[in-house]
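These are the residues of each chain, in order.
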Amino acid sequence: MLRTTSLALAAALFLSAAPLAQDPHAPAASTSPAPAADPAAVLTRLKAGNERFAARASQPLPIDEHKRKAAVGGQSPMAVVLSCADSRVPPEVIFNTGLGDLFVVRVAGGVTDQAVLASIEYAVDHLGPALVVVMGHESCGAVKAAIETPPGADGESPHVAYLLQQIRPSFERLREDASVAALRDAVLVNVEQVVNDLMNKSATVRARQADGRLGVVGAYYELASGRVHFSAPVPRPTSVATTAGRE
Ligand SMILES: [Zn+2]
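Residues numbered from 1 in each chain as written. Predicted model: local features only at pLDDT ≥ 70, side-chain atom pairs only at ≥ 80, totals over all residues. Heavy atoms only, no water.

In this section: the overall build of the protein chain. Along its length, the protein chain carries 9 helices and 5 strands. Shown N-terminal to C-terminal, the secondary structure of the protein chain runs as helices and strands in the order α-α-β-α-β-α-β-α-α-α-α-β-β-α. Within the protein chain, the fraction of its 247 residues that count as buried is 46%. Considering only contacts in the protein chain between residues 6 or more positions apart, those separated by 24 or more positions represent 73%. As presented, the protein chain carries roughly 11800 Å² of accessible surface, and 57% of it is formed by carbon and sulfur atoms. (Helix = DSSP H or I, 4+ residues; strand = E, 2+ residues; numbered from the N terminus. Buried < 20%, exposed > 50% of the residue type's maximum accessible area, 1.4 Å probe, protein only. Contact = heavy atoms within 4.5 Å. Areas by Shrake-Rupley, 256 points an atom, 1.4 Å probe, with all protein chains shown as cover.)

Structure representation (structure tokens):
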């Protein structure tokens, strides 16, 4: 039986996610991928990297020739980031990370179709990330189009129609809620829905999250400030954790 992650992971959770206080001019933490870490430690690294970027957008990325050559032998990204394809939201830049640090899956609106889920599951199964971040962003054109374009609108290509149809269910429960008029709220609802879809559709992610090796969080990137706000991590379900053999 599939679990349903509570929709109460709602937008309000993002309010509690102020970036860590840190010297914004400090150099990047390391020039090589971190070894496997726990979800909280990886989240801390991402927050610190985003703080560097937000404080100084010209902050160099921790990339050099040595690291490029070292990456030939394999990869062990600390996190998977599912984000929109928007040109203004490259996760590696926003989190001030280098080669091999993030396994990034990008598609307009951050939807979870089979190819996206397969990409995430490949990373989780074979590369050992400790965290999955589902990141929406300010002024998301895909979410805006899903709200404003009626299904079957003239001139809409079948591929675009497919994409928008993946996003629209996020808003069904809130269609009569005037507060969702703000695009920011709609993006947060979409992030929440994508997190729930990921947890419900992927047994791989669910099992790894249940035994504590993988954290799953939502995030919202503000274009204007450069800051990423995180939701609380998806709570570990006691029943699933027990089934997975946890003590
Ligand atoms: Zn977008």
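Moving on, we get to the sheet that holds strand β5 (residues 228-230). Read from one edge of the open sheet, 5 strands run β2-β1-β3-β4-β5, paired in mixed fashion. The open sheet terminates on both sides in strands that have one partner only, identified here as β2 (102-106) and β5. Strand-to-strand twist across the sheet, computed as the mean angle between neighbouring axes with direction ignored, equals 25°. Lying over the sheet, helix α7 (residues 183-201) contacts β1 (79-83), β3 (131-137) and β4 (215-221), oriented at roughly 160° with respect to β4. (Pairing = 2+ DSSP bridges. Axes fitted to C-alpha atoms, helices over the stretch in contact; angles between N-to-C directions.)

Time to look at the coordination of the zinc ion. Ligation of the zinc ion by protein atoms is provided by Cys-84 (SG), His-137 (NE2) and Cys-140 (SG), these donors lying 2.1 to 2.3 Å from the ion. Mapped onto the sequence, the donors of the zinc ion take the spacing C-x52-H-x2-C. A residue is classified by how much of its surface remains accessible, and His-137, at 2% relative accessible area, is buried. By relative accessible area, which is 3% here, Cys-140 ends up buried. (Donors = N, O, S within 2.8 Å, 3.2 Å for Na, K, Ca; no water.)

Our next topic: the pairing of β1. The buried count for β1 comes to 5 of 5 residues, which makes it a mostly enclosed element. On β1, burial covers both faces: Ala-79, Val-81 and Ser-83 on one face and Val-80 and Leu-82 on the other are all buried. One ladder, built from 5 bridges, connects β1 with β2; its direction is parallel. Pairing of Leu-82 across the sheet is with Val-105, part of β2. Alignment of β1 against β3, held across 5 bridges, turns out to be parallel. Of the residues in β3, the one forming a bridge with Val-81 is Val-133.

Topologically, Lys-69 is positioned in helix α2 (residues 65-70). Taking the C-alpha atoms as reference points, Lys-69 and Val-89, separated by 20 residues in sequence, lie 26 Å from one another. A polar side-chain atom of Lys-69 sits 2.9 Å from a polar atom in the side chain of Glu-65. (Polar contact = N/O pair within 3.5 Å; in protein donor to acceptor, adjacent residues only side chain to side chain.)

With respect to burial, β4 is a largely interior element, 7 of its 7 residues being buried. Because side chains alternate across β4, one face comprises the buried residues Gly-215, Val-217, Ala-219 and Tyr-221, and the other comprises Val-216, Gly-218 and Tyr-220, equally buried. In the sheet, β3 pairs with β4 via 7 bridges, with the strands oriented parallel. Counted as the bridge partner of Met-135 is Ala-219 from β4. Direction of pairing for β4 relative to β5: antiparallel, over a ladder of 3 bridges. Residue pairing across strands places Tyr-220 opposite His-229, the latter belonging to β5.

Before going further, it helps to spend a moment on the environment of Ser-119. Mapped onto the elements of the fold, Ser-119 is located in helix α4 (residues 114-126). Note: C-alpha distance between Ser-119 and Val-80 (39 residues apart in sequence) is 9.6 Å.

Formed by 37 residues in total, the largest nonpolar core has its most connected members in Leu-82, Ile-120, Leu-198, Val-205 and Val-216. Of all the secondary-structure elements, those providing two or more residues to this core are β1, β2, α4, β3, α5 (141-148), α6 (158-167), α7 and β4. Per-element tally for this core: the top contributor is α7, with 9 residues. With sequence-adjacent residues up to four places away left out, Leu-198 is seen in contact with Leu-117, Ile-120, Val-132, Val-134, Val-205 and Val-216. Ranked by size, the runner-up nonpolar core spans 20 residues in total, among them Phe-53, Ala-219, Val-228 and Phe-230. (Core = buried A, V, L, I, M, F, W, Y, C linked by side-chain atoms within 4.5 Å.)

Let's shift gears to the packing of aromatic side chains. What the rule picks out here adds up to 2 aromatic pairs. Over the face of the ring belonging to Tyr-220 we find Arg-184, whose NZ or CZ atom lies 4.8 Å from the ring centre. (Phe/Tyr/Trp six-rings, centres within 6.5 Å; stacked < 30°, edge-to-face > 60°. Lys NZ or Arg CZ within 6 Å of the ring centre and 35° of its normal.)

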